[in-house]
Amino acid sequence: MAEPVWKSAGRAGRSTRTLRVRTSAAVAGVIALAVLMVPPLAQLDQQAVDLSMKLLPPSWAHPFGTDDVGRDLLLRCVYGLRVSLLVGLVAALVATVIGTAVGAAAGALGGWTDRLVMRAVDTLSSIPHLLLGVFIVAMFRPGVWPVVVSVALTHWLSTARIVRAEVLSLRSRPYLDAAISGGASRLRVTLRHLVPAVLPQAGLAAVLMIPHAMWHESALSFLGLGLPAHQASLGNLVQAARGSLLAGDWWPTLFPGLLLVLPTLAVAGLAGAWRDRLNPRRRSELTL
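Residues numbered from 1 in each chain as written. Predicted model: local features only at pLDDT ≥ 70, side-chain atom pairs only at ≥ 80, totals over all residues. Heavy atoms only, no water.

> Please clarify how the overall build of the chain should be interpreted in this entry.
When you go through the chain residue by residue, the secondary structure sums to 12 helices and 0 strands. Within the chain, buried positions represent 39% of all 288 residues. Within the chain, counting contacts between residues at least 6 apart in sequence, those at least 24 apart form 70% of the total. For the chain, the exposed area adds up to about 15,700 Å²; of that, 69% sits on carbon and sulfur atoms. (Helix = DSSP H or I, 4+ residues; strand = E, 2+ residues; numbered from the N terminus. Buried < 20%, exposed > 50% of the residue type's maximum accessible area, 1.4 Å probe, protein only. Contact = heavy atoms within 4.5 Å. Areas by Shrake-Rupley, 256 points an atom, 1.4 Å probe, with all protein chains shown as cover.)

> Is there a simple way to explain helix α5 (residues 144-154) in this structure?
The periodicity of an α-helix, 3.6 residues per turn, causes residues three or four positions apart to be oriented the same way. A large share of α5 lies buried, amounting to 8 of its 11 residues. Considered for burial, the residues of α5 that qualify are Val-144, Pro-146, Val-147, Val-148, Ser-150, Val-151, Ala-152 and Thr-154.

> Where do I start with the packing of aromatic side chains in this structure?
Both the distance between ring centres and the angle between the ring planes are used here to describe each pair of aromatic rings. Per the counting criterion, the structure on display carries 3 aromatic pairs. Both rings, one in Trp-250 and one in Trp-251, keep their centres 5.5 Å apart while their planes meet at 90°; by these two values the pair is edge-to-face. Overall, the relative accessible area of 43% leaves Trp-250 in the partly exposed class. Judged by its relative accessible area of 6%, Trp-251 is buried. One aromatic cluster in this structure is built from Phe-64, Trp-250, Trp-251 and Phe-255. (Phe/Tyr/Trp six-rings, centres within 6.5 Å; stacked < 30°, edge-to-face > 60°.)

> What should I look at first to understand the pattern of salt bridges in this one?
As a working rule, side chains carrying opposite charge can pair if their charged atoms are close by. Enumeration according to the criterion identifies 4 salt bridges in this entry. With its nearest N and O atoms 2.9 Å apart, the salt bridge here joins Arg-71 to Asp-67. An identical accessibility class is assigned to Arg-71 and Asp-67; each is buried. A salt bridge links Arg-119 to Asp-122, with the nearest nitrogen and oxygen atoms 2.9 Å apart. Taken together, the residues span about one helical turn, with Arg-119 and Asp-122 both in helix α3 (residues 111-125) at a distance of 3 residues. Within this structure, Arg-119, Asp-122 and Arg-161 form a network of salt bridges that share partners. (Salt bridge = Lys/Arg side-chain N within 4 Å of Asp/Glu carboxyl O.)

> Where do I start with the side chain of Thr-96 in this structure?
Position of Thr-96 among the secondary structure elements: in helix α2 (residues 73-109). Using a relative accessible area of 10% as the deciding quantity, one classes Thr-96 as buried. The contact partners of Thr-96, leaving out residues within four places of it in the chain, are Thr-159, Ala-202, Ala-206 and Met-209.

> It is not clear to me how the nonpolar core should be interpreted in this structure. Could you clarify?
Nonpolar side chains in soluble globular proteins tend to end up buried together. Core analysis: the largest hydrophobic core is formed by 24 residues, its most contacted members being Cys-77, Leu-81, Met-214 and Leu-234. Among the elements of the structure, α1 (5-41), α2, α3, α6 (157-170), α8 (186-222), α9 (234-240) and α11 (251-278) are those that each provide at least two residues to this core. The element best represented in this core is α2, accounting for 7 residues. When residues no more than four places from it in sequence are discounted, the contact partners of Met-214 are Leu-81, Ser-84, Leu-85, Gly-88, Leu-234, Leu-259, Leu-260 and Pro-263. (Core = buried A, V, L, I, M, F, W, Y, C linked by side-chain atoms within 4.5 Å.)

> It is not clear to me how the environment of Val-144 should be interpreted in this structure. Could you clarify?
Secondary-structure assignment places Val-144 in helix α5. Overall, Val-144 belongs to the buried group, its relative accessible area being 17%. A sequence separation of 58 residues divides Val-144 from Leu-86, and the C-alpha atoms of the two residues are 8.9 Å apart. If near-sequence neighbours (up to four positions away) are discounted, Val-144 is found in contact with Val-83, Leu-86, Val-87, Leu-227 and Gln-231.

And the structure:
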């Protein structure tokens, strides 16, 4: 007896998702090993200049080639990835904390507080993130922490919306009515029941925010408003390679660009699996 088409399609869909998750995990593992292991193992100075080695194409000695002053591009890319990941992780964590606090407060209090907070969120969301980030980072000297502050203060808005929507859906649950009837204060209900219930969704939003924050940092550094030019970051590496690209040397631009794209794809694959676990109904619908 032939197998129904919908069963074979569901099996193919599960296989595709499994392959995507495994590939994403493998890419994330390779990136983590490179960031943690390459700098200690490589007996090279990523700032060492050797003009006799400038703009060498990829080879066994220099897998990513060299830049316009003879520095090893692999080592520079790894150091740049470390800085960009640091900015992305810290900024995503800070933005998630702010967004969770604001969204939980708006959803739990309701009324005019909810309307006032969400109108403020809508107003800030109408301003382009990059423009607002440029305004914030321009008030400080170039460095890692001004970029972190800039990214965090422009990326908490979506988390606040997600958390507020989740809190509003939880407020009608019977166990919350029972807790309030038992004399629990609104603050206790929020801290003991609502906030723990929205943490998985907030964590997913934080994970998805990491590559977004990396791209934001790279855009600021590319514009000359992020990290100092001498400090390796993916945005600085792409910015420094513009002249080489116009001269026909493709590798100084290609490899930093790949190290921006690969973490984004890896995080998207892993976050998709996490989202399916948080929403079993959606996962079952995708299987059918």
